[in-house]
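The lines below spell out each chain.
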Amino acid sequence: MITITKRAVVYARVSTDKEEQKTSLELQKEYYTQYAIERGFEFVKLYYDEGLSATSSNRKNFLQMLYDAGLDYDIDGSIVTFKTSEREPLFDWIIIKDVDRFARNTDAITIVRLLRDKNVYIEFENLNFTTKDNDWELRLNLFLTFAQQESLDKSRKLKDSYLKRAKKGDFYMSVNLFGFGKVEGKKEHYIIEEEAKVVRMIFDYYTKDKIGSYEIADILNEQGYRTKQGRRWNGNNVLRVLRNEKYKGQVI
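Reading the values: the criteria
- Residues numbered from 1 in each chain as written.
- Predicted model: local features only at pLDDT ≥ 70, side-chain atom pairs only at ≥ 80, totals over all residues.
- Heavy atoms only, no water.
- Phe/Tyr/Trp six-rings, centres within 6.5 Å; stacked < 30°, edge-to-face > 60°.
- Helix = DSSP H or I, 4+ residues; strand = E, 2+ residues; numbered from the N terminus.
- Buried < 20%, exposed > 50% of the residue type's maximum accessible area, 1.4 Å probe, protein only.
- Lys NZ or Arg CZ within 6 Å of the ring centre and 35° of its normal.
- 1 Å grid on protein atoms, 1.4 Å probe; cavity = no way out; pocket = protein on both sides within 12 Å on 5 of 7 lines; lining within 4 Å.
- Points joined across faces, edges and corners; volume = space filled by probe spheres on them.
- Nonpolar A, V, L, I, M, F, W, Y, C, P; charged D, E, K, R; others polar.
- Axes fitted to C-alpha atoms, helices over the stretch in contact; angles between N-to-C directions.
- Parallel < 35°, antiparallel > 145°, perpendicular 65-115°, else oblique.
- Left-handed = near helix turned anticlockwise from the far one by under 90°.
- Contact = heavy atoms within 4.5 Å.

1. Points about the packing of aromatic side chains
- By the definition in use, this model includes 11 aromatic pairs.
- Between Phe178 and Trp233 the ring centres are 5.2 Å apart and the planes differ by 90°, which places this aromatic pair in the edge-to-face class. Taken together, the positions of Phe178 in the loop between α5 (136-168) and β8 (180-182) and Trp233 in the loop between α7 (213-222) and α8 (235-243) put the pair 55 residues apart, joining distant regions of the chain. The residues Phe178 and Trp233 share a single accessibility class, namely buried.
- Each residue in the set Tyr31, Tyr32 and Tyr35 is aromatic and connected to the rest through ring pairs, giving one cluster.
- Above the ring of Phe62, the side-chain terminus of Arg59 is found at 4.0 Å from the ring centroid.

2. As for helix α4 (residues 107-117)
- Considered for burial, the residues of α4 that qualify are Ala108, Ile109, Ile111, Val112, Leu114 and Leu115.
- Positive phi shows up at Asn119, right after α4, with a value of about 60°.

3. A word on the layout of surface pockets
- Of the volumes computed, that of the largest pocket is approximately 320 Å³.
- Classifying every residue of the lining of the largest pocket by side-chain character gives 6 nonpolar, 5 polar and 3 charged.

4. Let's talk about the packing of helix α6 (residues 193-207) against α7
- Taken N-terminus to C-terminus, the directions of α6 and α7 make an angle of 140°; their axes are 10 Å apart at the nearest point. Taken together, the axis directions place α6 and α7 in an arrangement best described as oblique. Considering only the axes of α6 and α7, their crossing is right-handed. For the pair α6 and α7, contact is made by Val198, Met201, Ile202, Tyr205 and Tyr206 and by Ile216, Ile219 and Leu220, respectively.

As structure tokens, this is what we get:
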């Protein structure tokens, strides 16, 4: 008796933070290797993209996965089109946690149809649903609609939150600017005078002494000043300070 092993890959999106990404990838690979074994799959590969939106098909490893599944693609600006090729797929199943990890646009249906032509199917882990099911198109359309509506609702709530904060004059930096620190446990900030001195120097050198950004960086390095990350200054660091509207009290 011949046993046919179903080859499976996993597609995921991970944080762009390097340490968090490393941990996340290791955990996901370990989890899905075990998941594949329990489901009777042979785990082949983990494809992932860094924190990119599911509303765009233009994701490097997402496209590579579809290529390995036997699809060809063509990129024209922001538009990506797909078609089947003569290549044999390198796997039989794609495991994805949820619909919003795959796509939230109409391309999803087209992609699934082409994958099915190559006998490659998708299992959405959290939905207990696969594209091999007879009613896959109806269900996928529903799930995509729900995911899109949820995304719009979150966007609307976030926008309302920003507007309320703007009217109150509140501002909270998720990442502290050079020259500022955060009050522990509060959404308040304070000036770090040693860093603020460098910010003032940068603006004075540029506006009063008419010195360019790269020369300013050299002066700061010679005087022993370092960036918030403890690195040497360069022209781009200086330009980021000069172009940041928050240093003149304006928040966009």
